[in-house]
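Each chain, written out:
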Amino acid sequence: MRAAIIGAGPAGLMAAEALTARGVGVDIYDAMPSVGRKFLMAGKSGLNISHAEDADVFLSRYRGDARLAEMVKTFGPHEITEWMQGLGIAAHTGPTGRVFPEMMKASPLLRAWLVRLQEMGAVLHPRHRWQGWDETGALMFATPDGAVTATPDATILALGGASWKRLGSDGAWASLLAGKGVATAPFGPSNCGFLVDWSDHLKEKFPGDPVKSVRLWTDGVGGRQETRSEFVITERGLESGGIYTLSAALVDALARDGKATLFVDLLPDIEDGAIAAKLARPRGKQSMANHLRKSVNLSGVKLALLHEATGGPLPADPAALAKLIKAVPIKITGTAPLDEAISTTGGVAWSALDDHLMLGDMPGVFCAGEMIDWDAPTGGYLITACLATGKAAGAGATDWLQDSSR
Ligand SMILES: Cc1cc2nc3c(=O)[nH]c(=O)nc-3n(C[C@H](O)[C@H](O)[C@H](O)COP(=O)(O)OP(=O)(O)OC[C@H]3O[C@@H](n4cnc5c(N)ncnc54)[C@H](O)[C@@H]3O)c2cc1C
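A quick note: this is a predicted structure, and the numbers were derived from the prediction, not measured. (Residues numbered from 1 in each chain as written. Predicted model: local features only at pLDDT ≥ 70, side-chain atom pairs only at ≥ 80, totals over all residues. Heavy atoms only, no water.)

Draft legend 1. Inspection of the nonpolar core at higher detail. The biggest cluster of nonpolar side chains holds 81 residues, and the ones touching the most others in it are Ile49, Trp83, Trp130, Leu157 and Val348. No other element matches the 11 residues that helix H15 (residues 381-402) contributes to this core. In contact with Val348, not counting residues within four places along its chain, are Trp173, Leu177, Val182, Ala183, Thr184, Leu353, Leu359, Cys367, Met371, Ile372 and Asp373. Of all hydrophobic cores here, the second largest spans 43 residues; its members include Phe231, Leu279, Val296 and Leu321. (Core = buried A, V, L, I, M, F, W, Y, C linked by side-chain atoms within 4.5 Å. Buried < 20%, exposed > 50% of the residue type's maximum accessible area, 1.4 Å probe, protein only. Helix = DSSP H or I, 4+ residues; strand = E, 2+ residues; numbered from the N terminus. Contact = heavy atoms within 4.5 Å.)

Right under this line is the structure:
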(Lines give C-alpha, C1' and ligand atoms only; values in the text may rest on other atoms or scores of the structure.)
Protein backbone atom coordinates (compact mmCIF):
# COMPACT_ATOMS: atom_id res chain seq x y z
CA MET A 1 0.00 0.00 0.00
CA ARG A 2 1.33 3.45 -0.88
CA ALA A 3 0.06 6.97 -0.29
CA ALA A 4 1.00 10.16 -2.11
CA ILE A 5 1.42 13.37 -0.15
CA ILE A 6 1.43 16.47 -2.32
CA GLY A 7 2.94 19.50 -0.60
CA ALA A 8 5.89 19.17 1.77
CA GLY A 9 5.14 21.88 4.32
CA PRO A 10 4.46 21.12 7.99
CA ALA A 11 0.99 19.68 7.22
CA GLY A 12 2.18 17.30 4.49
CA LEU A 13 5.22 16.14 6.43
CA MET A 14 3.13 15.43 9.53
CA ALA A 15 0.65 13.44 7.40
CA ALA A 16 3.61 11.47 6.01
CA GLU A 17 4.76 10.73 9.55
CA ALA A 18 1.32 9.46 10.58
CA LEU A 19 1.17 7.13 7.56
CA THR A 20 4.72 5.77 7.77
CA ALA A 21 4.33 5.18 11.54
CA ARG A 22 1.62 2.65 10.71
CA GLY A 23 3.51 0.94 7.92
CA VAL A 24 2.13 2.72 4.85
CA GLY A 25 4.68 3.55 2.15
CA VAL A 26 4.74 7.25 1.29
CA ASP A 27 5.84 9.34 -1.68
CA ILE A 28 6.09 13.07 -0.89
CA TYR A 29 5.85 15.40 -3.89
CA ASP A 30 6.59 19.12 -3.94
CA ALA A 31 6.81 21.65 -6.76
CA MET A 32 9.88 23.36 -5.29
CA PRO A 33 13.50 22.18 -5.53
CA SER A 34 13.60 21.81 -1.73
CA VAL A 35 10.90 21.22 0.86
CA GLY A 36 9.41 23.22 3.75
CA ARG A 37 10.35 26.65 2.41
CA LYS A 38 7.57 28.56 4.18
CA PHE A 39 8.28 26.64 7.39
CA LEU A 40 11.92 27.75 7.12
CA MET A 41 10.83 31.33 6.44
CA ALA A 42 8.56 31.18 9.51
CA GLY A 43 11.66 30.26 11.49
CA LYS A 44 13.73 33.16 10.22
CA SER A 45 13.06 35.32 13.25
CA GLY A 46 12.23 32.44 15.62
CA LEU A 47 9.91 29.53 14.79
CA ASN A 48 6.88 30.11 16.99
CA ILE A 49 5.53 26.59 16.57
CA SER A 50 2.78 26.56 19.21
CA HIS A 51 1.40 28.36 22.24
CA ALA A 52 1.17 27.11 25.83
CA GLU A 53 -1.81 28.67 27.62
CA ASP A 54 -5.08 27.78 29.28
CA ALA A 55 -6.87 25.22 27.06
CA ASP A 56 -10.04 27.31 26.67
CA VAL A 57 -8.09 30.41 25.65
CA PHE A 58 -5.98 28.32 23.27
CA LEU A 59 -9.05 26.81 21.57
CA SER A 60 -10.75 30.21 21.31
CA ARG A 61 -7.94 31.29 18.94
CA TYR A 62 -9.54 29.08 16.29
CA ARG A 63 -12.58 31.37 16.20
CA GLY A 64 -15.29 28.89 17.05
CA ASP A 65 -14.17 26.34 14.44
CA ALA A 66 -15.34 23.21 16.28
CA ARG A 67 -13.83 20.65 13.91
CA LEU A 68 -10.42 22.29 13.97
CA ALA A 69 -10.66 22.64 17.76
CA GLU A 70 -11.10 18.85 18.06
CA MET A 71 -7.94 18.28 16.02
CA VAL A 72 -5.77 20.76 17.94
CA LYS A 73 -7.08 19.23 21.18
CA THR A 74 -5.69 15.88 20.00
CA PHE A 75 -2.40 17.29 18.73
CA GLY A 76 -1.74 20.61 20.44
CA PRO A 77 1.06 22.42 22.30
CA HIS A 78 1.84 19.53 24.66
CA GLU A 79 2.02 16.92 21.88
CA ILE A 80 4.05 19.25 19.66
CA THR A 81 6.57 19.78 22.45
CA GLU A 82 6.89 16.00 22.92
CA TRP A 83 7.14 15.45 19.18
CA MET A 84 10.00 17.98 18.91
CA GLN A 85 11.76 16.30 21.83
CA GLY A 86 11.44 13.00 19.97
CA LEU A 87 13.41 14.62 17.17
CA GLY A 88 16.11 15.71 19.63
CA ILE A 89 14.97 19.34 19.71
CA ALA A 90 14.07 20.73 23.13
CA ALA A 91 11.21 23.23 23.34
CA HIS A 92 11.54 26.69 24.83
CA THR A 93 8.43 28.49 26.13
CA GLY A 94 8.70 32.28 26.24
CA PRO A 95 7.19 34.53 28.94
CA THR A 96 3.94 34.98 26.98
CA GLY A 97 3.52 31.24 26.35
CA ARG A 98 4.91 31.19 22.83
CA VAL A 99 6.58 27.82 22.16
CA PHE A 100 9.78 27.69 20.06
CA PRO A 101 12.40 25.07 19.30
CA GLU A 102 15.28 25.72 21.68
CA MET A 103 17.59 27.04 18.97
CA MET A 104 14.72 29.19 17.64
CA LYS A 105 15.34 28.35 13.95
CA ALA A 106 13.31 25.88 11.88
CA SER A 107 16.24 24.36 9.98
CA PRO A 108 17.60 21.92 12.64
CA LEU A 109 14.05 20.69 13.28
CA LEU A 110 13.27 20.27 9.57
CA ARG A 111 16.59 18.48 8.98
CA ALA A 112 15.99 15.99 11.82
CA TRP A 113 12.40 15.48 10.67
CA LEU A 114 13.37 14.71 7.06
CA VAL A 115 16.06 12.25 8.18
CA ARG A 116 13.52 10.40 10.35
CA LEU A 117 10.88 10.35 7.59
CA GLN A 118 13.36 8.93 5.11
CA GLU A 119 14.50 6.33 7.65
CA MET A 120 10.83 5.35 7.97
CA GLY A 121 10.70 4.79 4.21
CA ALA A 122 9.21 8.05 2.91
CA VAL A 123 10.52 9.01 -0.54
CA LEU A 124 10.88 12.69 -1.45
CA HIS A 125 10.15 13.90 -4.99
CA PRO A 126 11.08 17.60 -5.29
CA ARG A 127 10.45 19.57 -8.51
CA HIS A 128 7.17 17.70 -9.06
CA ARG A 129 4.39 20.20 -9.74
CA TRP A 130 1.00 18.54 -9.34
CA GLN A 131 -1.37 19.35 -12.20
CA GLY A 132 -4.51 17.42 -11.31
CA TRP A 133 -5.77 13.98 -12.36
CA ASP A 134 -5.79 12.45 -15.87
CA GLU A 135 -8.82 10.69 -17.32
CA THR A 136 -7.80 7.39 -15.65
CA GLY A 137 -7.63 9.06 -12.21
CA ALA A 138 -3.79 9.08 -12.07
CA LEU A 139 -2.05 12.06 -10.47
CA MET A 140 -0.24 14.19 -13.07
CA PHE A 141 3.04 16.00 -12.32
CA ALA A 142 5.20 18.33 -14.40
CA THR A 143 8.91 17.71 -13.70
CA PRO A 144 12.14 19.00 -15.29
CA ASP A 145 12.34 15.58 -17.04
CA GLY A 146 8.82 15.80 -18.43
CA ALA A 147 5.38 14.63 -17.38
CA VAL A 148 5.07 11.92 -14.71
CA THR A 149 1.98 10.12 -13.38
CA ALA A 150 1.35 8.23 -10.15
CA THR A 151 -1.47 5.94 -8.98
CA PRO A 152 -1.30 5.79 -5.18
CA ASP A 153 -3.86 3.98 -3.03
CA ALA A 154 -4.62 7.26 -1.18
CA THR A 155 -3.65 10.90 -1.69
CA ILE A 156 -3.18 13.69 0.82
CA LEU A 157 -3.22 17.21 -0.52
CA ALA A 158 -1.31 19.66 1.72
CA LEU A 159 -0.75 22.44 -0.79
CA GLY A 160 -0.75 25.47 1.53
CA GLY A 161 -2.53 28.81 1.20
CA ALA A 162 -2.05 31.54 -1.39
CA SER A 163 0.63 33.90 -0.08
CA TRP A 164 4.40 34.13 -0.46
CA LYS A 165 4.16 32.41 -3.87
CA ARG A 166 7.93 32.39 -4.22
CA LEU A 167 8.05 29.82 -1.40
CA GLY A 168 5.74 27.47 -3.35
CA SER A 169 2.25 28.13 -1.98
CA ASP A 170 0.61 29.76 -4.99
CA GLY A 171 -3.00 28.60 -4.50
CA ALA A 172 -3.11 27.37 -8.13
CA TRP A 173 -4.57 24.10 -6.81
CA ALA A 174 -7.89 25.85 -6.06
CA SER A 175 -9.02 25.76 -9.70
CA LEU A 176 -8.01 22.07 -10.01
CA LEU A 177 -10.26 21.17 -7.08
CA ALA A 178 -13.06 23.52 -8.10
CA GLY A 179 -12.97 21.77 -11.52
CA LYS A 180 -13.71 18.52 -9.67
CA GLY A 181 -16.71 20.09 -7.96
CA VAL A 182 -14.99 20.53 -4.57
CA ALA A 183 -16.49 23.48 -2.63
CA THR A 184 -13.85 26.15 -2.07
CA ALA A 185 -14.01 29.67 -0.59
CA PRO A 186 -12.08 32.52 -2.24
CA PHE A 187 -8.67 33.30 -0.72
CA GLY A 188 -8.35 36.37 1.50
CA PRO A 189 -5.44 37.85 3.48
CA SER A 190 -5.05 37.09 7.19
CA ASN A 191 -2.35 38.19 9.61
CA CYS A 192 -1.64 40.83 7.01
CA GLY A 193 -0.48 44.41 6.69
CA PHE A 194 -2.86 47.32 6.01
CA LEU A 195 -2.80 50.41 3.83
CA VAL A 196 -2.84 53.97 5.21
CA ASP A 197 -2.60 57.24 3.25
CA TRP A 198 0.40 58.57 5.16
CA SER A 199 1.68 62.10 4.61
CA ASP A 200 4.92 62.39 2.59
CA HIS A 201 6.73 63.27 5.85
CA LEU A 202 5.76 60.00 7.56
CA LYS A 203 6.35 57.94 4.40
CA GLU A 204 9.83 59.36 3.92
CA LYS A 205 11.05 59.51 7.51
CA PHE A 206 9.59 56.51 9.32
CA PRO A 207 9.23 53.37 7.14
CA GLY A 208 10.54 50.37 9.09
CA ASP A 209 10.26 52.17 12.44
CA PRO A 210 8.69 50.13 15.25
CA VAL A 211 6.03 51.78 17.41
CA LYS A 212 6.67 50.03 20.71
CA SER A 213 4.69 49.41 23.92
CA VAL A 214 1.31 50.65 22.76
CA ARG A 215 -2.29 49.50 23.16
CA LEU A 216 -4.19 48.99 19.92
CA TRP A 217 -7.86 48.42 19.30
CA THR A 218 -10.53 48.42 16.66
CA ASP A 219 -14.24 47.75 16.58
CA GLY A 220 -14.81 44.62 14.50
CA VAL A 221 -17.98 42.70 13.71
CA GLY A 222 -17.65 40.72 16.96
CA GLY A 223 -17.14 43.87 19.10
CA ARG A 224 -13.96 45.59 20.28
CA GLN A 225 -10.68 43.75 19.68
CA GLU A 226 -7.72 44.99 21.65
CA THR A 227 -4.06 44.13 22.17
CA ARG A 228 -0.98 45.42 24.04
CA SER A 229 1.83 45.13 21.53
CA GLU A 230 3.95 46.96 18.99
CA PHE A 231 3.74 47.42 15.22
CA VAL A 232 5.85 48.65 12.33
CA ILE A 233 5.28 51.61 9.99
CA THR A 234 5.66 50.82 6.28
CA GLU A 235 5.70 53.18 3.32
CA ARG A 236 2.16 52.03 2.49
CA GLY A 237 0.76 51.58 5.97
CA LEU A 238 1.25 49.26 8.95
CA GLU A 239 2.29 45.68 9.64
CA SER A 240 3.59 43.20 12.21
CA GLY A 241 2.85 42.28 15.83
CA GLY A 242 -0.35 43.84 17.08
CA ILE A 243 -1.53 44.61 13.56
CA TYR A 244 -1.60 40.89 12.77
CA THR A 245 -3.47 40.23 16.02
CA LEU A 246 -6.18 42.67 14.98
CA SER A 247 -6.11 41.78 11.29
CA ALA A 248 -9.26 39.62 11.30
CA ALA A 249 -11.28 42.43 12.94
CA LEU A 250 -9.84 45.02 10.54
CA VAL A 251 -10.55 42.80 7.50
CA ASP A 252 -14.15 42.34 8.78
CA ALA A 253 -14.59 46.09 9.23
CA LEU A 254 -13.22 46.78 5.74
CA ALA A 255 -15.60 44.21 4.24
CA ARG A 256 -18.54 45.64 6.20
CA ASP A 257 -17.92 49.39 5.86
CA GLY A 258 -15.25 49.75 3.16
CA LYS A 259 -13.08 51.46 5.79
CA ALA A 260 -11.71 50.79 9.25
CA THR A 261 -10.13 52.78 12.05
CA LEU A 262 -7.33 51.56 14.24
CA PHE A 263 -6.85 53.37 17.56
CA VAL A 264 -3.48 53.60 19.27
CA ASP A 265 -2.92 54.44 22.93
CA LEU A 266 0.65 55.78 22.90
CA LEU A 267 0.98 55.81 26.70
CA PRO A 268 -1.02 52.79 27.91
CA ASP A 269 0.44 52.85 31.44
CA ILE A 270 -0.58 56.44 32.27
CA GLU A 271 -4.14 57.71 32.76
CA ASP A 272 -5.45 60.70 30.73
CA GLY A 273 -5.60 62.88 33.85
CA ALA A 274 -1.97 62.23 34.78
CA ILE A 275 -0.84 62.95 31.21
CA ALA A 276 -2.88 66.18 31.12
CA ALA A 277 -1.33 67.26 34.45
CA LYS A 278 2.19 66.71 33.10
CA LEU A 279 1.35 68.57 29.89
CA ALA A 280 -0.20 71.45 31.84
CA ARG A 281 3.17 72.33 33.40
CA PRO A 282 4.45 75.64 31.99
CA ARG A 283 6.57 74.98 28.91
CA GLY A 284 8.11 78.45 28.66
CA LYS A 285 9.85 78.89 25.33
CA GLN A 286 10.08 75.17 24.60
CA SER A 287 8.57 73.93 21.34
CA MET A 288 5.61 71.54 21.68
CA ALA A 289 7.87 68.71 20.43
CA ASN A 290 10.39 69.35 23.24
CA HIS A 291 7.62 69.73 25.79
CA LEU A 292 6.11 66.36 24.81
CA ARG A 293 9.52 64.68 24.85
CA LYS A 294 10.48 66.06 28.25
CA SER A 295 7.13 65.79 30.01
CA VAL A 296 5.75 62.46 28.73
CA ASN A 297 8.66 60.97 26.74
CA LEU A 298 6.91 61.15 23.36
CA SER A 299 9.04 61.81 20.29
CA GLY A 300 10.03 60.43 16.86
CA VAL A 301 7.50 58.18 15.20
CA LYS A 302 4.97 58.51 18.07
CA LEU A 303 5.02 62.30 17.73
CA ALA A 304 4.65 61.92 13.95
CA LEU A 305 1.54 59.75 14.48
CA LEU A 306 -0.03 62.52 16.57
CA HIS A 307 0.58 65.02 13.76
CA GLU A 308 -0.83 62.56 11.19
CA ALA A 309 -4.04 62.38 13.22
CA THR A 310 -4.56 66.16 13.36
CA GLY A 311 -3.10 66.87 9.92
CA GLY A 312 -1.30 69.87 11.46
CA PRO A 313 -0.63 71.46 14.85
CA LEU A 314 -1.46 69.55 18.03
CA PRO A 315 -4.19 70.72 20.42
CA ALA A 316 -2.90 73.39 22.82
CA ASP A 317 -5.30 72.32 25.56
CA PRO A 318 -3.52 69.68 27.77
CA ALA A 319 -6.72 67.68 28.34
CA ALA A 320 -7.49 67.51 24.60
CA LEU A 321 -3.90 66.56 23.80
CA ALA A 322 -3.92 63.85 26.49
CA LYS A 323 -7.15 62.47 25.00
CA LEU A 324 -5.53 62.30 21.58
CA ILE A 325 -2.41 60.59 22.97
CA LYS A 326 -4.66 57.93 24.54
CA ALA A 327 -6.59 57.25 21.29
CA VAL A 328 -4.76 58.23 18.10
CA PRO A 329 -7.07 57.31 15.20
CA ILE A 330 -5.46 55.82 12.08
CA LYS A 331 -7.65 55.46 8.99
CA ILE A 332 -7.13 52.12 7.26
CA THR A 333 -7.94 52.17 3.55
CA GLY A 334 -7.37 48.53 2.59
CA THR A 335 -5.30 45.39 3.07
CA ALA A 336 -1.74 44.96 1.81
CA PRO A 337 -1.46 42.56 -1.18
CA LEU A 338 -2.55 38.95 -0.59
CA ASP A 339 0.87 37.61 -1.52
CA GLU A 340 2.44 39.47 1.41
CA ALA A 341 0.05 38.07 4.03
CA ILE A 342 1.45 35.70 6.68
CA SER A 343 -1.50 33.39 6.04
CA THR A 344 -4.65 33.22 3.95
CA THR A 345 -8.28 32.47 4.65
CA GLY A 346 -10.41 30.58 2.13
CA GLY A 347 -9.60 27.30 0.41
CA VAL A 348 -11.31 23.92 0.76
CA ALA A 349 -14.64 24.33 2.60
CA TRP A 350 -15.16 22.24 5.73
CA SER A 351 -18.43 21.09 4.18
CA ALA A 352 -16.44 19.30 1.46
CA LEU A 353 -14.56 17.22 4.06
CA ASP A 354 -15.63 14.38 6.33
CA ASP A 355 -14.46 14.06 9.95
CA HIS A 356 -11.21 12.42 8.79
CA LEU A 357 -10.49 15.24 6.31
CA MET A 358 -11.38 13.11 3.30
CA LEU A 359 -13.13 14.88 0.42
CA GLY A 360 -16.72 13.64 0.55
CA ASP A 361 -16.98 13.28 -3.23
CA MET A 362 -13.47 11.90 -3.80
CA PRO A 363 -12.90 8.76 -1.71
CA GLY A 364 -9.23 8.30 -0.81
CA VAL A 365 -8.32 12.00 -1.27
CA PHE A 366 -7.62 13.92 1.97
CA CYS A 367 -6.71 17.57 2.69
CA ALA A 368 -4.57 19.13 5.43
CA GLY A 369 -3.05 22.42 6.52
CA GLU A 370 -3.59 25.99 5.45
CA MET A 371 -5.39 24.92 2.25
CA ILE A 372 -8.51 24.23 4.37
CA ASP A 373 -10.74 27.23 5.10
CA TRP A 374 -9.83 28.11 8.70
CA ASP A 375 -8.18 31.12 10.27
CA ALA A 376 -6.07 31.80 13.35
CA PRO A 377 -3.80 34.57 14.60
CA THR A 378 -0.01 34.44 14.62
CA GLY A 379 1.55 33.23 17.86
CA GLY A 380 2.13 29.58 16.91
CA TYR A 381 -1.55 28.84 16.24
CA LEU A 382 -1.07 28.53 12.46
CA ILE A 383 1.63 25.86 12.47
CA THR A 384 -0.14 24.05 15.32
CA ALA A 385 -3.28 23.75 13.17
CA CYS A 386 -1.22 22.65 10.15
CA LEU A 387 0.47 19.91 12.18
CA ALA A 388 -2.82 18.86 13.81
CA THR A 389 -4.70 18.61 10.50
CA GLY A 390 -1.71 16.83 8.93
CA LYS A 391 -1.80 14.30 11.76
CA ALA A 392 -5.60 13.88 11.42
CA ALA A 393 -5.48 13.47 7.63
CA GLY A 394 -2.58 10.98 7.89
CA ALA A 395 -4.45 8.95 10.51
CA GLY A 396 -7.67 9.17 8.47
CA ALA A 397 -5.91 7.97 5.32
CA THR A 398 -4.25 5.08 7.18
CA ASP A 399 -7.59 3.97 8.67
CA TRP A 400 -9.19 4.21 5.25
CA LEU A 401 -6.39 2.17 3.60
CA GLN A 402 -6.39 -0.45 6.34
CA ASP A 403 -10.16 -0.75 6.56
CA SER A 404 -10.69 -4.38 5.54
CA SER A 405 -14.46 -3.92 5.27
CA ARG A 406 -14.06 -1.49 2.36
C1 LIG B 1 7.03 35.20 6.96
C2 LIG B 1 6.16 34.15 7.61
C3 LIG B 1 6.31 33.88 8.96
C4 LIG B 1 5.49 32.94 9.59
N5 LIG B 1 5.68 32.70 10.92
C6 LIG B 1 4.89 31.79 11.54
C7 LIG B 1 5.10 31.47 12.91
O8 LIG B 1 6.06 31.95 13.55
N9 LIG B 1 4.24 30.60 13.51
C10 LIG B 1 3.20 30.01 12.83
O11 LIG B 1 2.43 29.25 13.43
N12 LIG B 1 3.02 30.24 11.50
C13 LIG B 1 3.85 31.11 10.85
N14 LIG B 1 3.67 31.34 9.52
C15 LIG B 1 2.61 30.59 8.78
C16 LIG B 1 3.05 29.14 8.47
O17 LIG B 1 4.36 29.14 7.94
C18 LIG B 1 2.07 28.50 7.49
O19 LIG B 1 0.76 28.59 8.01
C20 LIG B 1 2.42 27.02 7.24
O21 LIG B 1 3.70 26.89 6.66
C22 LIG B 1 1.40 26.36 6.32
O23 LIG B 1 1.74 25.00 6.25
P24 LIG B 1 1.16 24.04 5.12
O25 LIG B 1 1.90 22.76 5.27
O26 LIG B 1 -0.30 24.03 5.17
O27 LIG B 1 1.56 24.77 3.76
P28 LIG B 1 2.97 25.31 3.22
O29 LIG B 1 3.97 25.39 4.30
O30 LIG B 1 2.63 26.52 2.47
O31 LIG B 1 3.43 24.14 2.24
C32 LIG B 1 2.70 23.86 1.04
C33 LIG B 1 3.64 23.14 0.09
O34 LIG B 1 2.90 22.76 -1.06
C35 LIG B 1 3.69 22.92 -2.21
N36 LIG B 1 2.83 23.07 -3.38
C37 LIG B 1 1.89 24.02 -3.61
N38 LIG B 1 1.29 23.80 -4.81
C39 LIG B 1 1.86 22.66 -5.32
C40 LIG B 1 1.65 21.90 -6.52
N41 LIG B 1 0.74 22.25 -7.44
N42 LIG B 1 2.40 20.79 -6.71
C43 LIG B 1 3.32 20.39 -5.79
N44 LIG B 1 3.57 21.08 -4.65
C45 LIG B 1 2.82 22.20 -4.41
C46 LIG B 1 4.51 24.15 -1.90
O47 LIG B 1 5.70 24.20 -2.68
C48 LIG B 1 4.77 24.02 -0.40
O49 LIG B 1 6.01 23.38 -0.14
C50 LIG B 1 4.50 32.25 8.85
C51 LIG B 1 4.35 32.51 7.47
C52 LIG B 1 5.18 33.44 6.86
C53 LIG B 1 4.99 33.69 5.38
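Here the narrative resumes.
Draft legend 2. Spatial organisation of the sheet that holds strand S4 (residues 91-93). Pairing within the open sheet is antiparallel, and its three strands lie in the order S3-S5-S4. The sheet is open, and its two edges are formed by strand S3 (50-51) and S4, each paired on a single side. Looking at chain direction, S4 and strand S5 (residues 98-101) are connected through three bridges and run antiparallel. The partner of His92 across the bridge, within S5, is Phe100. (Pairing = 2+ DSSP bridges.)

Draft legend 3. Up close: helix H13 (residues 300-310). What H13 keeps buried is the set Val301, Lys302, Leu303, Ala304, Leu305 and Leu306. Buried positions along H13 lie against helix H8 (200-205), strand S13 (210-220), strand S14 (223-233), helix H12 (288-296), helix H14 (318-326) and strand S17 (328-332). Looking at the residues trailing H13, positive phi occurs at Gly311, about 70°.

Draft legend 4. Representation of the site of the ligand within the structure. Close to the ligand lie 29 residues, the nearest being Asp30, Asn48, Ser169, Glu370 and Ile383. Here a nitrogen atom of the ligand and a backbone polar atom of Trp130 are 2.8 Å apart. One of the backbone N or O atoms of Ile383 is found 2.7 Å from an oxygen atom in the ligand. About the coverage of the ligand: the protein hides 95% of its 1000 Å² of free accessible area. (Near = heavy atom within 4 Å. Polar contact = N/O pair within 3.5 Å; in protein donor to acceptor, adjacent residues only side chain to side chain. Areas by Shrake-Rupley, 256 points an atom, 1.4 Å probe, with all protein chains shown as cover.)

Draft legend 5. Representation of the environment of Arg67 in the model. Of note, Arg67 is situated in helix H4 (residues 66-74). Note: C-alpha distance between Arg67 and Thr389 (322 residues apart in sequence) is 10.0 Å. In contact with Arg67, not counting residues within four places along its chain, are Trp350, Leu353, Asp354 and Asp355. Among the polar contacts listed, one links the side chain of Arg67 to the backbone oxygen of Asp354, at a separation of 2.6 Å.

Draft legend 6. Focus on the domain arrangement of the protein. Split into domains, the protein comes out as domain 1 (2-190 + 341-402) and domain 2 (194-335). Just the C-alpha atoms count here: the centres of domain 1 and domain 2 sit 38 Å apart. Taken together, the contact pairs six residues of domain 1 with five residues of domain 2. Together domain 1 and domain 2 conceal approximately 420 Å² of surface at their shared face, both sides included; 63% is due to carbon and sulfur atoms. (Domains from an automatic or database assignment. Buried area = accessible area lost by both parts, 1.4 Å probe.)

Draft legend 7. Molecular detail of the pattern of salt bridges. Throughout the structure, instances matching the rule amount to 16 salt bridges. For the salt bridge of Arg215 with Asp265, the shortest nitrogen-to-oxygen distance reads 3.3 Å. With a gap of 50 residues between them, Arg215 in strand S13 and Asp265 in strand S16 (residues 260-265) connect regions that are remote in the sequence. Taken together, the shared-partner salt bridges connect Arg215, Glu226, Asp265 and Lys326 into one network. (Salt bridge = Lys/Arg side-chain N within 4 Å of Asp/Glu carboxyl O.)

Draft legend 8. Inspection of empty space enclosed by the protein at higher detail. On inspection of all chains with the given rule, the structure shows one cavity of 30 Å³ or more. Every residue lining the largest cavity is listed: Gly193, Phe194, Leu195, Thr234, Arg236, Gly237, Leu238, Glu239, Ala336 and Glu340. Taken together, the elements giving at least two residues each to the lining of the largest cavity come down to strand S12 (194-195) and strand S15 (237-239). Top contributing element to the lining of the largest cavity by residue count: S15, with three residues. Class assignment of the residues belonging to the lining of the largest cavity gives a composition of four nonpolar, three polar and three charged. (1 Å grid on protein atoms, 1.4 Å probe; cavity = no way out; pocket = protein on both sides within 12 Å on 5 of 7 lines; lining within 4 Å. Points joined across faces, edges and corners; volume = space filled by probe spheres on them. Nonpolar A, V, L, I, M, F, W, Y, C, P; charged D, E, K, R; others polar.)

Draft legend 9. Quick look at the layout of surface pockets. By volume, the second largest pocket is sized at about 440 Å³. Considering the residues around the second largest pocket, the lining is formed by 24 residues, among which Thr261, Pro329, Ile330, Lys331 and Ile332 are closest to the centre. Residue composition of the lining of the second largest pocket, grouped by class: 10 nonpolar, seven polar and seven charged.

Draft legend 10. Here's a closer look at the state of the cysteines. Scanning the model with the defined rule gives zero disulfides in all. No disulfide involves Cys192; its sulfur sits 17 Å from that of Cys386, the nearest cysteine. Free of any disulfide, Cys367 has its nearest cysteine sulfur in Cys386, 13 Å distant. (Disulfide = S-S within 2.5 Å.)

Draft legend 11. Geometry of the side chain of Lys326. Relative to the elements of secondary structure, Lys326 occurs in helix H14. In terms of polar contacts, Lys326 uses its side chain to reach the side chain of Asp265, at 2.9 Å. A distance of 2.7 Å separates a polar atom in the side chain of Lys326 from the backbone oxygen of Ile270. Excluding residues that lie within four positions of it along the chain, Lys326 makes contacts with Arg215, Trp217, Val264, Asp265, Leu267, Pro268, Ile270, Asp272 and Ile275.

Draft legend 12. How the structure looks around helix H10 (residues 247-257). Along H10, the residues that are buried comprise Ser247, Ala249, Leu250, Ala253 and Leu254. Projected down its long axis, H10 carries its buried residues within an arc of 160°, all on one side. Of the residues one or two after H10, Gly258 is the one with positive phi, at around 75°. (Arc of directions from axis to C-beta.)

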